[in-house]
Amino acid sequence: MCKVIAVANMKGGVGKTTTAVNLGIGLAMQGKRVLLLDCDSQGSLTSSLGFRKPSVLETSIATIMAAVIAEEEVPDGILHHPEGVDLVPSNEGLKGIELALVNVMSRELVLKEYVSQMKNDYDYILIDCMPSLGLMTINALACADSVLIPVQAAKLALEGLQELLRTISHIRKKINQRLKIEGILLTMVNPRTRYARETMEMLRDSYGENVHIFQEYIPYTVRLEETPAEGISIYRHDSRGKAAMAYQALTKEVLDHENR
Ligand code: ADP
Ligand code: MG
């Protein structure tokens, strides 16, 4: 059985890509077969796994989507990262695909067709979404079993969460009844500040009853700012640091969800 998790938030810079990398590699370290799908035209998942020039790649999520739309055979082009995860890369070609999708029949379900083909080979497929609620993100939510929502621990970052939750419940009604919320993950937390504590309390008060909020939060640390340039996970970059511990604990929580 393969589980598909979309990592989504229409805000940028909240830790989606960082979470896709470190949850993905965390799951691989636990022996899971993991495929990461870069579904952002900025290709930051691709480059932060060390594939520096996404634009020169012959196969990407864009060419794969194009093949599905044209009902042609889907190209392979899966990249392998030394830490044990596979990657479908992305580049700016995805912008054109997102525009082209508007005129495609069943435009919300193009990615789902590809993901269904890949499910036999993996235990987890993590989708790193664009910072928008455009058609590409809708495609991700349409084929996901659950959505993991990173939220930056700042009051302003909570704005917009309501809109995302509304979209999720809309998608549940219209396209994907099985879609669950894996949880809200607080990122970039500086636990010593009162501000961060207040944000966490506010989040639990406003959403905690209806939505799972991960026990573990990700602390703010420059170590996580450094990893994209290295092309490695936090486990390799700073194995004993608090961010590595936090992502390990998150990985365990996600694995435990399977046993609930
Ligand atoms: P998104 O994918 O939501 O746009 P990213 O994961 O790319 O967000 O993170 C935005 C920036 O913040 C990146 O430079 C990343 O390295 C950095 N970052 C992510 N998480 C943390 C953290 N917990 N502490 C410090 N910096 C972080
Ligand atoms: Mg990103």
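Okay, so let's go over this structure. (Residues numbered from 1 in each chain as written. Chains lettered and ligands numbered in written order. Predicted model: local features only at pLDDT ≥ 70, side-chain atom pairs only at ≥ 80, totals over all residues. Heavy atoms only, no water.)

**So, the site of ligand 1**
Consideration 1: Taken together, 15 residues lie near ligand 1, and G13, K16, T17, T18 and P219 sit nearest.
Consideration 2: The separation between an oxygen atom of ligand 1 and a polar side-chain atom of K16 is 2.9 Å.
Consideration 3: At 3.0 Å from a nitrogen atom of ligand 1 is found a main-chain nitrogen or oxygen belonging to T221.
Consideration 4: Protein coverage of the free-state accessible area of ligand 1, which is 560 Å², stands at 80%.
Consideration 5: Only α1 (16–29) and α10 (222–230) provide two or more residues apiece to the shell around ligand 1.
Consideration 6: When the residues that make up the shell around ligand 1 are grouped by side-chain class, the tally is seven nonpolar, six polar and two charged. (Near = heavy atom within 4 Å. Polar contact = N/O pair within 3.5 Å; in protein donor to acceptor, adjacent residues only side chain to side chain. Areas by Shrake-Rupley, 256 points an atom, 1.4 Å probe, with all protein chains shown as cover. Helix = DSSP H or I, 4+ residues; strand = E, 2+ residues; numbered from the N terminus. Nonpolar A, V, L, I, M, F, W, Y, C, P; charged D, E, K, R; others polar.)

**Comments concerning the sheet that holds strand β1 (residues 3–7)**
Consideration 1: Spatially, β3-β4-β2-β5-β1-β6-β7 is the arrangement adopted by the seven strands of the open sheet, whose pairing is mixed. Pairing within the sheet leaves two strands with one partner each, and these edge strands are β3 (79–80) and β7 (180–187).
Consideration 2: The pairing of strand β6 (residues 146–152) with β7 spans seven bridges and is classified as parallel. Of the residues in β7, the one forming a bridge with I149 is I184.
Consideration 3: Strands β1, β2 (34–39), β5 (124–129) and β6 of the sheet are contacted by helix α6 (residues 135–143), whose axis makes an angle of about 160° with β5.
Consideration 4: Here helix α8 (residues 161–174) sits on the sheet in contact with β6 and β7, set at roughly 175° to β6. (Pairing = 2+ DSSP bridges. Contact = heavy atoms within 4.5 Å. Axes fitted to C-alpha atoms, helices over the stretch in contact; angles between N-to-C directions.)

**Brief notes about the side chain of K16**
Consideration 1: Within the secondary structure, K16 sits in helix α1.
Consideration 2: In this structure K16 is buried but unpaired, with D128 as the nearest side chain of opposite charge at 6.3 Å.
Consideration 3: Not counting residues within four places of it along the chain, the set of residues in contact with K16 comprises V7, A8, N9, K11, D128, C129, M130, P131 and P150. (Buried < 20%, exposed > 50% of the residue type's maximum accessible area, 1.4 Å probe, protein only. Lys, Arg positive; Asp, Glu negative; His and termini not counted. Salt bridge = Lys/Arg side-chain N within 4 Å of Asp/Glu carboxyl O.)

**Describing a nonpolar patch on the surface**
Consideration 1: Taken together, the side chains of M188, Y220 and V222 present a nonpolar region at the surface, about 250 Å² in accessible area.
Consideration 2: Among the secondary structure elements, V222 is positioned in helix α10. (Patch = residues over 30% accessible without salt bridge, like charges linked within 9 Å, V, L, I, M, F, W, Y side chains within 5 Å.)

**What about helix α4 (residues 93–101)?**
Consideration 1: What α4 keeps buried is the set L94, I97, E98 and L101. Each buried residue of α4 sits inside an arc of 100° when the element is viewed along its axis, so together they form one side. For α4, exposure combined with an orientation more than 90 degrees from the buried face picks out K95 and L99. (Arc of directions from axis to C-beta.)

**Focus on the environment of I181**
Consideration 1: Mapped onto the secondary structure, I181 falls in strand β7.
Consideration 2: Those residues in contact with I181 that sit more than four places away from it in its chain are V147, I149, L165, I168, R172 and V211.

**Points about the packing of helix α3 (residues 61–69) against α4**
Consideration 1: Look at α3 against α4: their axes get within 8 Å of each other, and the N-to-C directions meet at 30°. Comparing the axis directions of α3 and α4 gives the class roughly parallel. Of the two possible hands of crossing, α3 and α4 adopt the one that is left-handed. Across the interface between the two elements, I61, A62, M65, A66 and I69 of α3 pack against G93, L94, I97 and L101 of α4. (Parallel < 35°, antiparallel > 145°, perpendicular 65-115°, else oblique. Left-handed = near helix turned anticlockwise from the far one by under 90°.)

**A closer look at unusual backbone geometry**
Consideration 1: Positive phi is not limited to glycine here, since E71 has a value of about 55°.
Consideration 2: Residue placement: E71 occurs in the loop between α3 and β3.
Consideration 3: A positive phi angle, close to 55°, is found at M188, a residue other than glycine.
Consideration 4: M188 sits in the partly exposed class, given a relative accessible area of 30%.

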